[in-house]
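Structural overview
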Amino acid sequence: MRASGLVLALSIAAGPAGHAQQQADAPDLGWIDRELVDAGEIVLQTGKDDDAVTIDAAMRVRASQDAIRTVLRACEVAPEYTPNIVACRRVESLNGGESEMFVQTVKPAFFVPRFEHVFRLDYFPMRIEVHRVSGPIAELDGAWWFFDEADGAVLVVYSLRLRLGLPVPKFFVRSSLRRDVPAILGAVRMRSEALTGPL
C-alpha cells in the first residue's frame, strides 16, 4: 500500500481567498532545513500523535501562488501522479465558493477493497484546509500553507494528521508517506512551474 498517495490526494486542491474564518495559527517552520529547501530539496518529518500519523513537508516552488493553486485544484487529474487514487471529482461548492466538497475513489492495496470517501476543502488567503466528511477514513485534518518569498518563489508547507481506520499498521503508513510524498510534491512543483514559466 502507498498510503501517501491517499493522503496527498485527499488534500490536493486550492482556490479563492476570503473564507469567513481568516485567522489560524501559522505552522511551525523551525523544523525546516532552509539550506536544503533553498537547494531545491523537499524536506519532511513524520510522527505519531495518539492513534494518528502526522506528516509535515516543505518545498520551494518557483511559480506563482495562482499557478500552484490551479494545479492543486485539478482534482480530476490527481490520479495521474498520485498512487492509489482511481478517481476524484468535485461534487458541491459551498459558501460562495469558499469551500468545496469532493468525492474520491481509492484502491489503497490489493488486500483492501476500493472505497469512496468525501472530504471538504476550505479556502483561505494563505492556506487551504482539508477535513474528513464521510467514508471509512477515521480522521483527516490537514492544510497547505503558502508563503511568498523575496525572489518570487513560494514556500509550500503541507501538514496532515491522519487516522486511516483501516487494517494497516501505522509504521507502514509512515514509511509509505516518507517514500511517496516527495515524489508527489515534486510533480506538483513541476506542473506549477510549467504553468508559470521563468520567474
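Residue numbering note: each chain is counted from 1, following its sequence as written. Reporting in this predicted model follows two pLDDT cut-offs: at least 70 for local features of residues, and 80 or more for side-chain atom pairs to be given and counted; totals over whole chains, interfaces and linings ignore these cut-offs and use all residues. In computing side-chain properties, one takes all heavy atoms of the structure into account and sets aside hydrogens as well as water.

**Concerning the overall build of the protein**
Within the protein, the secondary structure is distributed over 4 helices and 8 strands. Going through the 199 residues of the protein one by one, you find that 53% of them count as buried. Note on definitions: a residue-residue contact is assigned when non-hydrogen atoms from the two residues lie within 4.5 Å. In the protein, the share of contacts with a sequence separation of at least 24, taken over all contacts with a separation of at least 6, comes to 60%. Reported accessibility uses the Shrake-Rupley method at a 1.4 Å probe radius. Residues are deemed covered only where the shown protein chains occlude them. Summed over all atoms, the accessible surface of the protein reaches about 8,900 Å², with 51% contributed by carbon and sulfur. What counts as a helix is a DSSP run of H or I of at least four residues, what counts as a strand is a run of E of at least two, and both are numbered from the N terminus. Exposure is judged per residue with a 1.4 Å probe applied to protein chains only, and the accessible area is read against the type maximum: over 50% gives exposed, under 20% gives buried, and values in between give partly exposed.

**Quick notes on the packing of helix 3 (residues 65-73) against helix 4 (residues 170-196)**
Relative orientation of the contacting elements helix 3 and helix 4 amounts to 130°, with a least axis distance of 8 Å. One element, helix 3, and the other, helix 4, form an angle in the oblique class. For helix 3 against helix 4, the interelement crossing comes out right-handed. Residue-level contacts link Ala67, Ile68, Thr70, Val71 and Leu72 of helix 3 to Val188, Arg191, Ser192, Leu195 and Thr196 of helix 4. Axes, fitted as lines to C-alpha atoms, cover a helix only where it is in contact. Angles between the N-to-C directions of the axes lie from 0 to 180 degrees. Angular relationships are summarised with four words: roughly parallel below 35 degrees, roughly antiparallel beyond 145, roughly perpendicular across 65 to 115, and oblique for the angles in between. Whether a crossing is left-handed or right-handed is set by the direction in which the near helix is turned from the far one by less than a right angle, anticlockwise for left-handed and clockwise for right-handed.

**Re the side chain of Thr82**
Within the element layout of this structure, Thr82 appears in the loop between helix 3 and strand 3 (85-94). With a relative accessible area of 3%, Thr82 lands in the buried category. From its side chain, Thr82 meets the backbone oxygen of Ala78 in a polar contact 2.9 Å long. Side-chain atoms alone can form a polar contact between residues adjacent in sequence; in general such a contact is a pair of N or O atoms within 3.5 Å, and within protein one must be able to donate a hydrogen while the other accepts it.

**A word on the packing of aromatic side chains**
Here is the rule: rings of Phe, Tyr and Trp (six-membered ring for Trp) pair when centre to centre is within 6.5 Å. Planes less than 30 degrees apart are stacked, more than 60 are edge-to-face, and the remainder are tilted. Applying the stated rule across the entire model yields 3 aromatic pairs. Ring geometry for Phe102 against Phe119: centres 5.4 Å apart, planes inclined by 10°, an arrangement best described as stacked. With a gap of 17 residues between them, Phe102 in strand 4 (residues 99-106) and Phe119 in strand 5 (residues 115-123) connect regions that are remote in the sequence. For Phe102, a relative accessible area of 0% puts it in the buried group. Ring centres of Trp145 and Phe147 lie 6.0 Å apart, and the angle between their planes is 10°; this geometry places the pair in the stacked category. Two conditions define a charge located above a ring, namely a distance within 6 Å from the ring centre to NZ of Lys or CZ of Arg, and an angle within 35 degrees of the ring normal. Taking NZ or CZ as reference, Arg127 lies 3.6 Å from the ring centre of Phe124, over its face.

**Section: the confidence of the model for the protein**
pLDDT: the predictor's confidence for each residue, scored from 0 to 100. Per-residue pLDDT for the protein has a mean of 83; in total, 87% of the residues score no lower than 70. Per-element confidence in the protein is highest for helix 2 (residues 34-38), whose mean pLDDT is 97, and lowest for helix 1 (residues 3-11), whose mean pLDDT is 49. A low-confidence stretch, residues 13-23 stays under pLDDT 50, and its non-local contacts, those more than four residues away or across chains, total 38 contacts.

**Observations regarding the sheet that holds strand 5**
Strand pairing in a sheet takes place through backbone hydrogen bonds and is either antiparallel or parallel in direction. Taken together, the 8 strands give an open sheet; going across it, the order is 1-2-8-7-6-5-4-3, and neighbouring strands pair in antiparallel fashion. Each having just a single partner strand, strand 1 (43-49) and strand 3 make up the two edges of the open sheet. Averaged over all pairs of adjacent strands, the angle between their axes in this sheet comes to 20°, without regard to strand direction. If DSSP finds at least two bridges between two strands, the strands pair. With 6 bridges joining them, strand 5 and strand 6 (residues 127-134) adopt antiparallel strand pairing. Looking across to strand 6, one finds that Phe119 is bridged to Arg132. Against the sheet, helix 3 engages strand 2 (52-61), strand 3, strand 4, strand 6, strand 7 (139-148) and strand 8 (154-163), with an angle of about 155° to strand 7. Across the sheet, helix 4 is in contact with strand 1, strand 2, strand 7 and strand 8; its angle to strand 2 comes to roughly 25°.

**With respect to the side chain of Arg174**
With respect to the element layout, Arg174 can be found in helix 4. By the counting rule applied here, Lys and Arg register as positive and Asp and Glu as negative, while His and the ends of each chain are not counted. Between Lys or Arg on one side and Asp or Glu on the other, a salt bridge is scored when a side-chain nitrogen of the former is within 4 Å of a carboxyl oxygen of the latter. Among buried Asp, Glu, Lys and Arg side chains, Arg174 stands out as unpaired, with Asp51 the closest opposite charge at 9.9 Å. Sequence-distant contacts of Arg174, that is, excluding residues within four places in its chain, are made with Thr46, Gly47, Lys48 and Val53.

**Side note on the pairing of strand 2**
Counting buried positions over the 10 residues of strand 2 gives 9, a clear majority of the element. If you look at the hairpin formed by strand 1 and strand 2, you'll find 2 residues sitting between the two strands, and Asp50 has a positive phi there, around 60°. Summarising the sheet, strand 2 and strand 8 pair through 9 bridges and their orientation is antiparallel. From the neighbouring strand, Val53 faces strand 8, where its bridge partner is Leu162.

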